[in-house]
Amino acid sequence: MTQHPQHIGAIYSVVPGFEAELAYELGADSALLAEGLLATQAPARPVAWAQNIWLKPEIIPIASIGQAVKELKARGRNWASLSYHLHRRTRLIQDQLPKVSAKPLVFPTPAPTAPLGVFMLLEAGTLLASARTSSPFVGGEPRFVENREAPPNRAYLKLWEALTRLRRHPQPGETCLDLGASPGGWTWVLAGLGAQVVAIDKAPLDPKIAALPNVICRQESAFALDPASIGSIDWLCSDVICYPDKLFEMVERWRASRLVKNFVITVKLQGETDHAAVARFAALPDSRLVHLHHNKHELTWVSSQEALPEYL
Ligand SMILES: C[S@@+](CC[C@H](N)C(=O)[O-])C[C@H]1O[C@@H](n2cnc3c(N)ncnc32)[C@H](O)[C@@H]1O
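These numbers come from a predicted model, not from an experiment. Just so you know, the residues in each chain are numbered from 1, in the order the chain's sequence is written. The predicted origin of the model limits local features to residues at a pLDDT of at least 70 and limits the giving and counting of side-chain atom pairs to 80 or more, whereas totals for whole chains, interfaces and linings rest on all residues. In computing side-chain values, all of the structure's heavy atoms are included and hydrogens and water are not.

K.L.:
Which residues make up the site of the ligand, and what values do they have?
P.N.:
Proximity is defined per residue: any heavy atom of the residue falling within 4 Å of a molecule or strand makes that residue near it. Neighbouring residues of the ligand: 19 residues in total, closest Gly-185, Trp-186, Asp-201, Ala-222 and Asp-239. At 3.2 Å from a nitrogen atom of the ligand is found a side-chain nitrogen or oxygen belonging to Ser-221. Here a nitrogen atom of the ligand sits 2.8 Å away from a polar atom, N or O, in the main chain of Ala-222. Tallied by class, residues from the shell around the ligand come to 8 nonpolar, 6 polar and 5 charged. Any pair of N or O atoms that falls within 3.5 Å is considered a polar contact. Within protein, one atom must be able to donate a hydrogen and the other to accept it, and sequence-neighbouring residues count only if both atoms are side-chain atoms. Classification used: nonpolar for Ala, Val, Leu, Ile, Met, Phe, Trp, Tyr, Cys and Pro, charged for Asp, Glu, Lys and Arg, polar for all others including Gly.

Following this line, the structure appears as structure tokens:
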């Protein structure tokens with residue numbers, strides 16, 4: 001354990017492998033609290049590279065395991081724990097708290113609404129706990145019962161996660177444009193929800209997905225599309241592989257058209273992370289930029305004309 005500061009405004013757990021990105025995003029105010037945990041004096045704010053955020057951390061002196069359990073129960077019902085040391089003591093506390101279900105979700109079951117707290121022992125007699133965290137999923141990791149037969153690849157898990165965290169998804173009859181749709185995992189998700197999907201890719205879709213009754217395929221470039229030629233749409237989804245700047249220009253064109261109600265856009269970041277491009281997406285109004293548990297070296301930008309959850 002590293003030295004812990006006197007006052008902690010928020011704690012951010014790092015997306016594994018992206019420590020430098022989170023440190024960059026949080027700036028000079030952040031300090032390493034333990035492996036994979038950065039603390040700030042400033043209050044919590046949404047950031048892209050955190051897997052989970054402790055929204056109101058408290059340092060709580062405890063004289064016994066029983067007292068730790070009492071203190072936690074007084075603050076909230078559901079708790080997950082982290083242990084970097086004092087593993088047995090941490091487990092003894094966790095075992096006396098209600099069990100938190102980590103059962104995988106069956107999409108589109110809504111995400112849990114009950115707050116989930118997190119605690120760890122700084123020392124044998126000192127708890128660090130936050131009854132509120134940014135994610136209702138243990139460790140900030142939503143898991144799903146996977147479909148290993150119907151979708152043509154595993155990309156569908158990203159869209160399942162984005163829609164689950166957004167707490168909203170396309171409804172039957174709503175219109176979706178799926179850019180960079182091949183081989184068709186996202187189109188499969190959207191069509192499965194009953195939406196009308198126009199799938200755009202330079203490559204063909206898997207024939208099984210292309211044959212779905214509510215799917216129209218267009219083999220062309222996503223960047224050449226003129227929003228006015230498409231008209232108003234409920235969902236614009238993009239998983240196109242391209243440089244972030246080129247994607248940003250395209251997103252700006254669609255935003256300016258005001259024809260799109262909801263966006264779910266993958267921002268691909270090959271090689272060195274382009275911090276300036278990430279910051280440009282993060283600064284767009286009415287939107288959130290997050291690293292999904294199912295994202296690799298990429299982020300997901302979502303935006304909506306309706307109110308968004310403060311933390312996805
Ligand atoms: C990661 S894959 C998309 C996977 C897809 N979301 C799925 O669930 O199956 C990226 C896709 O972007 C497509 N792509 C790249 N440049 C494109 C462009 N200019 N216009 C349309 N599609 C493009 C590629 O052909 C590729 O199929």
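K.L.:
Got a sec to walk through the packing of aromatic side chains? Specific residues and values, please.
P.N.:
Only the six-membered ring of Trp is used, alongside the rings of Phe and Tyr, when aromatic pairs are assigned; centres must lie within 6.5 Å, and planes under 30 degrees apart are stacked while those over 60 apart are edge-to-face, with the rest tilted. This structure, assessed with the given rule, holds 10 aromatic pairs. Between Trp-79 and Phe-119, the aromatic rings sit 6.4 Å apart at their centres with planes inclined by 70°, giving edge-to-face as the arrangement. On the criterion of sequence distance, the pair formed by Trp-79 in strand S6 (residues 79–81) and Phe-119 in strand S7 (residues 117–123) is long-range, its members being 40 residues apart. These aromatic residues form a ring-pair network of at least three members: Phe-107, Phe-144, Tyr-156, Trp-160 and Trp-188. It is Arg-280 that lies over the ring of Phe-248; its NZ or CZ is 5.6 Å from the centre. Note on conventions: DSSP H or I runs of at least 4 residues are helices, E runs of at least 2 residues are strands, and numbering of each starts at the N terminus. Counting as a charge over the ring demands two things of the Lys NZ or Arg CZ atom: a distance within 6 Å of the ring centre and an angle within 35 degrees of the ring normal.

K.L.:
Report on the sheet that holds strand S1 (residues 10–14), specifying residues and quantitative values.
P.N.:
The strand order across the open sheet formed by 4 strands is S2-S3-S1-S4, and the pairing between neighbours is antiparallel. The open sheet has two edge strands, strand S2 (30–34) and strand S4 (50–54), and neither has a second partner. In this sheet, adjacent strand axes meet at a mean angle of 30° when their direction is disregarded. At least two bridges found by DSSP between two strands are what make those strands a pair. Where S1 and S4 come together, 4 bridges link them in antiparallel fashion. Considered in S4, the bridge of Val-14 is made with Ala-50. Throughout, an axis means a line fitted to C-alpha atoms (over the contacting stretch in the case of helices), and angles, computed between N-to-C directions, take values from 0 to 180 degrees.

K.L.:
An account of the pattern of salt bridges is requested, with residue identities and associated values reported.
P.N.:
Take a side-chain nitrogen of Lys or Arg and a carboxyl oxygen of Asp or Glu: if they are within 4 Å of each other, that pair is a salt bridge. Enumeration according to the criterion identifies 16 salt bridges in this entry. With a closest N to O distance of 3.7 Å, Arg-148 and Glu-146 form a salt bridge. Among the residues examined, Arg-148 registers a relative accessible area of 69% and is labelled exposed. Residue Glu-146 is classed as partly exposed on the basis of its relative accessible area of 26%. Its salt-bridge partner being Asp-234, residue Lys-261 comes within 3.0 Å of it at the nearest N-O pair. Of the two residues, Lys-261 is situated in strand S13 (residues 260–268) and Asp-234 in strand S12 (residues 233–238); the sequence distance between them amounts to 27 residues. In the salt-bridge network here, residues are joined through shared partners; they are Lys-158, Asp-239, Lys-268 and Glu-298. Only protein chains enter the area calculation, which uses a 1.4 Å probe; residues under 20% of their type maximum are buried, those over 50% are exposed, and those in between are partly exposed.

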